[in-house]
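So you can see what is in the structure, the chains are spelled out below.
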Amino acid sequence: MPTTQDLRVSIQNMSCASCVGRVERALSALPGVDNVKVNLAAETAQARIDSDARIPELIEALDRAGYPARTQTVRLNVSSMSCASCVGRVDKALAAVPGVLDVNVNLASETATVAFVDGAVDLTALLKAAEAAGYPAEVAGDASVEDRGARKDVEARVLARKTAFAAALALPVFLLEMGSILVPGMHDLIANSIGQQTSWTIQWLLVSIAMVWPGRHFYTKGFPALFKGAPDMNSLVAVGTGAAYLYSITALFAPALLPETARAVYFEAAAVILALILLGRWLEVRAKGRAGAAIQKLLGLQARTARVLVDGEPQDVAIERIRAGDILVVRPGERVAVDGEVTEGSAHVDESMITGEPVPVAKSEGDLVTGGTVNGTGSFRFRATRVGADTTLAQIIRMVQEAQGAKLPIQGLVDRITLWFVPAVMALAVLTVLVWLLVGPAPALSYALVAGVSVLIIACPCAMGLATPTSIMVGTGRAAEMGVLFRKGDALQQLTGVDVVALDKTGTVTEGRPELTDLVLANGFERAEVLALVAAVEAQSEHPIAEAIVRAAQAEGVARHEVEGFDSMTGFGVRATVAGREVLVGADRLMTREGLSVETLAETEHRLAEQGRTALFAAVDGKVAAVIGVADPVKPASAAAIGALHDLGLKVAMITGDKRETAEAIARETGIDHVIAGVLPDGKVAALDDLRDAGQQIAFVGDGINDAPALAHADVGIAIGTGTDVAIESADVVLMSGDLRGVVNAFEVSRRTMRNIRQNLFWAFGYNVALIPVAAGVLYPAFGLLLSPVLAAGAMALSSVFVLTNALRLRRVRPTMDEAGSAGPEKPSLSPAPVAAE
């Protein structure tokens, strides 16, 4: 059976929303390809494919559409090759990696040059493929995949040079033709000195140079797209400036073809339009580079090399060569390269980039360390457990990239409109020209040209295409810096519609590390005896309450017993035989089910529950022996976070398996509105449905371990991570911090991002709806106003820049709550890690 997988590729040549629509249509038309999402701001496409065999078809479809996938080339040093057969095997192994386009293996130099689709291939996969074939490989020199930020910097520098050159050419053209606006009498001066014909000839030469070099790509990309019946933003610029240019050279070299009243040149319009649009593109590229700053910061946390023990001696090894099981050495001040377990030594490690907590964490033998964290004092060795794409940091980066490529429901309408936007604008420009020719005043041809070119130039599908994805890129990136990972980008929009936040109790509202507080015995039983029996049974369980009982027994030094026949009864308790005695530990419903009376200790159990403690019964040989009180303290930030959720207008509910008295006590302490108690683990889904009865949207917050069904069933599932366990498949949002502050920050980022998107869409659509008719000349009959193509170009260039600049404001979003858990919009950042630095 085919196995579906998600593929993400980087795409070239996209410049506006029309390009996005064409790429989506090209990919969606392929069999076995669905869930296509194209992001103009990130210049990427994501799709779900049913097999690796679809990748070449997908790449070919992009090429046919005129938007080829961006490719990368890496050079590998390959060992153990000795003949042509080896070359063939290496070639076959590397070519079989999904996303590889071309392989060139050279026996003489013992190298392999591999071309692959950017984003679809992990370098580790190439190295593993070569090694599996029996030919270990390593990257030759610097083999890191091209850094998007660096690429944008290079692109910005090229555009800056082109803009400066275009402006230098446009300035004299503008002065020669429109100089009288700035200097009265300049037209007469030119006519009496070099003459009008010479002036026009100079303008023609300068504009021709501008079109051939700085503005060349508008024509080399725009006209082919037009001839294929798929016009884009470049087509609008090419046709608009081309029309002004052709009209002007006709007036210059063949004036007899035009009516005498219409003999004028518009070289200055073409020249200034090119300069202004290049300026806009330059600003746009710079802004796009900043939009991906969060990913660049995350990438910057990855170590490039590490000290690995080879035959007992530490050697510097490229990060790509580290394998699970390798022993790594970490010295003071160094960054941990991959995830692993400490085998020797001790140190304090700064894990703020993962947990958001500024206090370094003590690490010693047996403790886990996370790649990307920074060692403080001390030196230690650790065994690599997760490397390459499996590390926590790699998972975080992947989550952010996937969220940034998401398409929100609000984008659907935008896509339907922008798909036809450019053809509609071109049709409107033709209609504008015809109307002016038919009913316009003399010189009608000149007026028709000005209006038609203005319509083409002022239209800005770029702004519409960038409005949503740029905000998503910046918003989700900033959220990641605050420790909020949107696994599914559409959760950004769904969170704004949530009415009720439902919370799991243990590990979410409370610490999840209970402590034994009470052991009240029935007549005829001794504390040491009962505690030893109960602890022996609970030592077989992984439940936090069981761990609390075992810790108490160890602290009191009670006897240890062998256990037989252990049985865990989900939602009720546990049973086992200890030292020949039958022991039961669990809730009152377990005792009732087994026919045991709890009457003598019922009042004690009720009192403990009212104090907010979890009360369990223990029975020995068919008799209730004790009631056990365990307290799970409320997290320090819980009450403040719940108050902040109330300030956002949200209701807060708690779902727990505890007795109602215990749950109500915690609710009173934290300010929770509604309690659903006594819920078995498989009953949380039904509890969410009960909350939905009023048609309310529900967000469920859990620890991601036992709460997977509820996380998946809620409208938005929010998993509180453990810092190192972030791959929680059931959740829509993952919080790196261990408390509810992240929930508040997730809602804040969601609301701010959606507000930003609506602002961008209002501007983008409002701009086009308002100014395209103005460019066509609707104000001329009443006010005698006709928009100059030069002003149209300026407005168009600034439109995209406005959208990008507005989206970049999301980089200034600050956590709603500080580290102490108090609310306030001006509080310092929740995560002081390098990734969160501004």
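Anything mentioned here points back to the structure above.
All values reported here derive from a predicted model rather than from experimental measurement. In this convention, every chain numbers its residues from 1, walking through the sequence in written order. With the structure being a predicted model, the display of local features is reserved for residues of pLDDT at least 70 and the display and counting of side-chain atom pairs for 80 or more, all residues being used for whole-chain, interface and lining totals. For the side-chain quantities, the full set of heavy atoms in the structure was used; hydrogens and water were omitted.

S.K.: Would you take a moment to explain the sheet that holds strand 22 (residues 581-586) for this structure?
M.R.: In sheet architecture, strand pairing relies on hydrogen bonds along the backbone and comes in two forms, parallel and antiparallel. Pairing is antiparallel across the open sheet formed by six strands, whose spatial order is 19-24-23-22-21-20. Here the strands that pair on one side only, and so sit at the sheet edges, are strand 19 (515-521) and strand 20 (563-569). Each adjacent strand pair in this sheet contributes to an overall mean axis angle of 20°, direction not counted. Where strand 20 lies against strand 21 (residues 573-578), five bridges are found, and the strand directions are antiparallel. Paired with aspartate 567 across the strands is arginine 575, a residue of strand 21. For two strands to pair, DSSP has to find at least two bridges joining them. Per the convention used, a helix needs a DSSP run of H or I reaching at least four residues, while a strand needs a run of E reaching at least two, with both numbered from the N terminus. Orientation is described by lines fitted to C-alpha atoms, with helices fitted over the stretch in contact, and by angles between N-to-C directions that extend from 0 to 180 degrees.

S.K.: Can you walk me through a nonpolar patch on the surface in this structure?
M.R.: On the surface, Leu428, Leu431, Val435, Leu438 and Val439 cluster together to form a nonpolar patch covering roughly 490 Å² of accessible area. Residue position: valine 439 is located in helix 15 (residues 421-439). Between buried and exposed lies partly exposed: a residue is buried under 20% and exposed over 50% of the maximum accessible area for its type, with that area taken using a 1.4 Å probe on protein chains only. On the basis of relative accessible area, valine 439 is assigned to the exposed category, the value being 67%. For patch building, the residue pool is restricted to those with more than 30% relative accessible area and no salt bridge; the joining distance is 9 Å between like charges and 5 Å between nonpolar side chains (Val, Leu, Ile, Met, Phe, Trp, Tyr). Here the Shrake-Rupley method, with its probe set to 1.4 Å, supplies the accessible areas, and only the displayed protein chains count as covering residues. One speaks of a salt bridge when a side-chain nitrogen belonging to Lys or Arg is within 4 Å of a carboxyl oxygen belonging to Asp or Glu.

S.K.: Which parts of the structure should I look at to understand helix 30 (residues 789-808)?
M.R.: Since there are 3.6 residues in each turn of an α-helix, residues three or four apart along the chain are aligned in direction. What a helix should span is 1.5 Å times the count of its residues minus one. Spanning 20 residues, helix 30 covers 29 Å between terminal C-alpha atoms, matching the ideal 28 Å at 1.5 Å per step. The buried fraction of helix 30 is high, at 15 of 20 residues.

S.K.: What is the right way to look at a positive patch on the surface in this model?
M.R.: Counted charges follow a simple rule, with Lys and Arg positive, Asp and Glu negative, and His plus the chain ends left uncounted. All charge positions are set by atom: Lys at NZ, Arg at CZ, Asp at CG, Glu at CD. Together, Arg755, Arg758, Arg809 and Arg812 make up a region of like positive charge exposed at the surface. In this fold, arginine 755 is placed in helix 28 (residues 741-776).

S.K.: Would you explain the sheet that holds strand 9 (residues 313-318) in this entry?
M.R.: Overall, antiparallel pairing links the six strands, which are arranged 9-8-10-16-11-14 in an open sheet. Strand pairing shows two members of the sheet lacking a second neighbour, strand 9 and strand 14 (368-369), which therefore form its edges. Direction of pairing for strand 11 (residues 339-345) relative to strand 16 (residues 380-386): antiparallel, over a ladder of six bridges. Within strand 16, the position partnered with aspartate 339 by the bridge is arginine 386.

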